[in-house]
Each structure stands twice: as structure tokens, then as C-alpha cells.
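# Inside the fold
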Amino acid sequence: QVQVAESGGGLVLLGGSTKLSCVFSGGTFSSYMLSWFRQLPGEEREFVAAVSWSGWKAYGSDSVKGRFAISRDNGKRTVYLQMNGLRTEDTAKYYCAAGKLRPDQEKWPHNYESWGQGTQVTVSS
């Protein structure tokens, strides 16, 4: 059974940086797209970024492009989300997800087979 587990996050100052990690287990890592989503209470999950085994990457809204960077260490079976220039609107619970996806399927939560418990990122001024 594929499992992913996030770590990192917490309280970050406005304009600061933080790095989230997600460890994958229980499956063939090379078969999976690994992605980050975020969610506010009462809202739908928003796609943030995705990375494939080969290093192909995609990002969600224009607001995160250029500030967030997704990376993947295949040897450690871990995916990272480096978040820079944090804004108050980045405050959310961030989720890691794993799925056997094509590059055009990464934005839709229902395509993923495994989700982590989420980690809270709170940006404070």
C-alpha cells in the first residue's frame, strides 16, 4: 500500500521561506507522480506543484510560480517543496499526493491514490 508522509511547515514570517518534505513508501517510486496541494477549511484542494520520476515539473497558479520549487530525490524516495517569499495567502494545509499519472492529469485530486495527513503552513506578519 502506497503511503506518503509530510513534514515541515509551521509558522513562518511574511516574506520568509520554508521547505516541506514528503517521504514515499509501499510502492515503486519510479512509477509515481508526486505532487503538492494546499487547502483552506471549507475550500477545495488547490494544485500547487508536481514532479515526475524523470524530473518533469508543473506548477499551479501564477502566484506560486517563481516562488515555490518542487524537487525530488529518487534515492531517498522523497519530494520537497521549497517555498520562498511567503505571503499571507499561502497560509494553508499542504498535502502530498502520489499517483500513477500522465503529465496532463496532475491537477486533479481525484487522480491520486494516496494522500498524506497534511502539514500546516501559517504565514504571519
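Residues numbered from 1 in each chain as written. Predicted model: local features only at pLDDT ≥ 70, side-chain atom pairs only at ≥ 80, totals over all residues. Heavy atoms only, no water.

Scanning the entire structure with this criterion turns up eight aromatic pairs. Each ring, one from Phe 24 and one from Phe 29, has its centre 5.0 Å from the other, and the planes form 55°; the classification is tilted. Classification of Phe 24 by relative accessible area gives buried; the value is 2%. Between Tyr 95 and Trp 115, the ring centres sit 6.4 Å apart and the planes meet at 80°, which makes this aromatic pair edge-to-face. You can see Tyr 95 sitting in strand E9 (residues 92–99) and its partner Trp 115 sitting in strand E10 (residues 114–115), a full 20 residues away along the chain. Residue Trp 115 is classed as partly exposed on the basis of its relative accessible area of 24%. Three or more aromatic residues joined by ring pairs make a cluster, and in this case those are Phe 37, Phe 47, Tyr 95, Tyr 112 and Trp 115. (Phe/Tyr/Trp six-rings, centres within 6.5 Å; stacked < 30°, edge-to-face > 60°. Buried < 20%, exposed > 50% of the residue type's maximum accessible area, 1.4 Å probe, protein only. Helix = DSSP H or I, 4+ residues; strand = E, 2+ residues; numbered from the N terminus.)

What follows is about the sheet that holds strand E1 (residues 3–7). The strand order across the open sheet built from four strands is E1-E3-E8-E7, with neighbouring strands paired in antiparallel fashion. In this open sheet, the two edge strands, each paired with only one partner strand, are E1 and strand E7 (68–73). Taken over all neighbouring pairs, the strand axes of this sheet differ in orientation by 20° on average, direction set aside. Bridging between E7 and strand E8 (residues 78–83) involves six bridges; their strand directions are antiparallel. Paired with Asp 73 across the two strands is Thr 78, which belongs to E8. (Pairing = 2+ DSSP bridges. Axes fitted to C-alpha atoms, helices over the stretch in contact; angles between N-to-C directions.)

The subject of this paragraph is unusual backbone geometry. Its identity is not glycine, yet Arg 77 carries a phi of approximately 55°, on the positive side. Residue Arg 77 is classed as partly exposed on the basis of its relative accessible area, which comes to 29%.

Looking now at the pattern of salt bridges. If you walk through the whole model with that rule in mind, you get six salt bridges. The closest approach of N and O atoms between Glu 46 and Arg 38, which form a salt bridge, is 2.9 Å. Judged by its relative accessible area of 30%, Glu 46 falls in the partly exposed class. The residue Asp 90 makes a salt bridge to Arg 38 at a minimum N-O spacing of 2.9 Å. Here the residue Asp 90 occupies a position in the loop between E8 and E9, and Arg 38 occupies one in strand E4 (residues 33–39), the gap between them amounting to 52 residues. For the pair formed by Asp 90 and Arg 38, the shared burial category is buried. Members of the salt-bridge network, linked through shared partners, are Arg 38, Glu 46, Arg 67 and Asp 90. (Salt bridge = Lys/Arg side-chain N within 4 Å of Asp/Glu carboxyl O.)

It is worth stressing that arrangement in space is one thing and function is another; only the former is reported here.
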